[in-house]
Amino acid sequence: MKKHIVVVGGGFAGINLIRSLGNHPDFHVTLVDQNNYHFFPPLIYQVATSFIQASNITYPFRKYIANYENVFFHMGNMIQVHREDNFIETDTGNLHFDYLVIAMGTETNFFGMENVKRCSLPMKNIEEALYLRNHLLLTLEEAARNKDIHLSGKLQNIVIAGGGPTGVELAGMLAEMGRYIAEKEYPEIKLNLSHIYLIDALPTLLSPMSKKAQKTAYDTLTKLGVRILLNVSVKDFINNEVILSNGKTIETETLIWASGVIGREVPGLPDSSIGRGRRLNVDAFNKVEGVENIFAIGDICLQLSDHNFPKGHPQLAQVAIQQAKNLGRNFLRINENKPLKQFTYDDKGSMAIISKFNAVVDLPKFSFKGFFAWLTWLFIHVLPLVSFRSKIRLAIDWFIVFINNNPSIRLILYPKKDTNKK
């Protein structure tokens, strides 16, 4: 009898696990996801800023698994794990399993601030990125029509909460858009009223990276006109005013939230399985603690057994990919009654792009910045894309935009409901 492995989540972890088990005669694999496509989160901010098309970083699951005879797709949102009866409940049906792999990733953490949750603009998925793109473009159009200087300044102010790679990359992209595009295409707007604020509660930007990377990011963004506020956090967002922890306020209609994530809820697991940041506690083999046949990989899992990362692994794509491959090999070992191999993360470094032709790269033994780092960033971010066609299309689009400094996809697109249909 084939063992049924249910994989919940089609991100880096889920996709690479499927690749490891694809066409294996002893396994029947079902991928469960609320979307029908895989997407590449590190480039989602470029979708939000009209730099690239959403299709450049997305790929349909069914097309991806078409070459695997033992892999199937179930579109649905997991509601609960029924661990004693070995099935999961989704909003589109139930699925029984021999092994369950949870690779659902994380969601935006608003730290209990309801106004921020309701009124800010997160950027965790494609839908949110497209909504943010529309919001930015619509706000520019409103600012272009507005004759009130005070209101025009408020419309142009952009506040980014979070000084990690996403916040830094987004701030640099928006600053350059103002320099290369807004000056030419929005002559009605008084750009001297426009300000981009990058806020972080920590004393540095890019806190997990090297001091060289941190200084480069700070200096480059400052030259681009970004106002960087460190050692301060957002406490509320009321009536289009961002309230800061130091008591100051910033008037804006655009608060972009890139200030933290929390593990997605997995109802049905024991409390002992839930760790810090709502991540799932796992052992050295990525088995969820407190259960027998349930595993977790990627950003949602918290593994404290790796001696090089006693506080848990960073929530990076490389961790998810390596965990997925190791777990795939361990499923083969389970099938062959062989000892399992513990997971140990091979840290390949981290990087962030700051502006055109300028990035920072931290490798395990040295760091570098500038144009070569920028080329390295481009290369590394093309490689993980699922399809060869996506890699070529993205490379071509990047080349064209970097040459002319003017992406042509700044379209305000949103679906309209047909009121005649019932």
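For clarity, every value in this text was computed on a predicted model and none was experimentally measured. (Residues numbered from 1 in each chain as written. Predicted model: local features only at pLDDT ≥ 70, side-chain atom pairs only at ≥ 80, totals over all residues. Heavy atoms only, no water.)

## Some points on the packing of aromatic side chains
Here the structure, examined in full by the defined rule, presents 16 aromatic pairs. Measuring from centroid to centroid gives 5.3 Å for Y99 and F331, while their planes differ by 55°, and the two rings are tilted. Of this pair, Y99 sits in strand β9 (residues 99-102) while F331 sits in helix α9 (residues 317-335), placing them 232 residues apart in sequence. Residue Y99 is classed as buried on the basis of its relative accessible area, which comes to 17%. Clustering of aromatic rings is evident, with ring pairs tying together F27, Y99, F295 and F331. (Phe/Tyr/Trp six-rings, centres within 6.5 Å; stacked < 30°, edge-to-face > 60°. Helix = DSSP H or I, 4+ residues; strand = E, 2+ residues; numbered from the N terminus. Buried < 20%, exposed > 50% of the residue type's maximum accessible area, 1.4 Å probe, protein only.)

## As for the sheet that holds strand β23 (residues 350-355)
What links the strands of a sheet is backbone hydrogen bonding, and the strands pair in either a parallel or an antiparallel sense. As summarised here, the arrangement of the three strands in space is β23-β24-β25, forming an open sheet in which the pairing is antiparallel. Pairing within the sheet leaves two strands with one partner each, and these edge strands are β23 and β25 (367-370). Across this sheet, the average inter-strand angle for adjacent strands is 10°, counted without regard to direction. As defined by bridge partners, strand β24 (residues 358-362) adjoins β25 across four bridges and the pair is classed as antiparallel. Note on β25: the bridge partner recorded for D362 is S367. Running over the sheet, helix α10 (residues 371-382) touches β23, β24 and β25 and is turned about 100° from β25. (Pairing = 2+ DSSP bridges. Axes fitted to C-alpha atoms, helices over the stretch in contact; angles between N-to-C directions. Contact = heavy atoms within 4.5 Å.)

## Re the packing of helix α5 (residues 126-145) against helix α6 (residues 149-156)
Following both chains from N to C, one finds α5 and α6 inclined at 165°, their axes separated by 9 Å at the closest point. The orientation of α5 relative to α6 falls into the category roughly antiparallel. The way α5 lies across α6 gives a crossing that is left-handed. Contacts between α5 and α6 involve T139, E142 and A143 from the first element and S152, L155 and Q156 from the second. For the contact of α5 with α6, a count of residues per class yields two nonpolar, three polar and one charged. (Parallel < 35°, antiparallel > 145°, perpendicular 65-115°, else oblique. Left-handed = near helix turned anticlockwise from the far one by under 90°. Nonpolar A, V, L, I, M, F, W, Y, C, P; charged D, E, K, R; others polar.)

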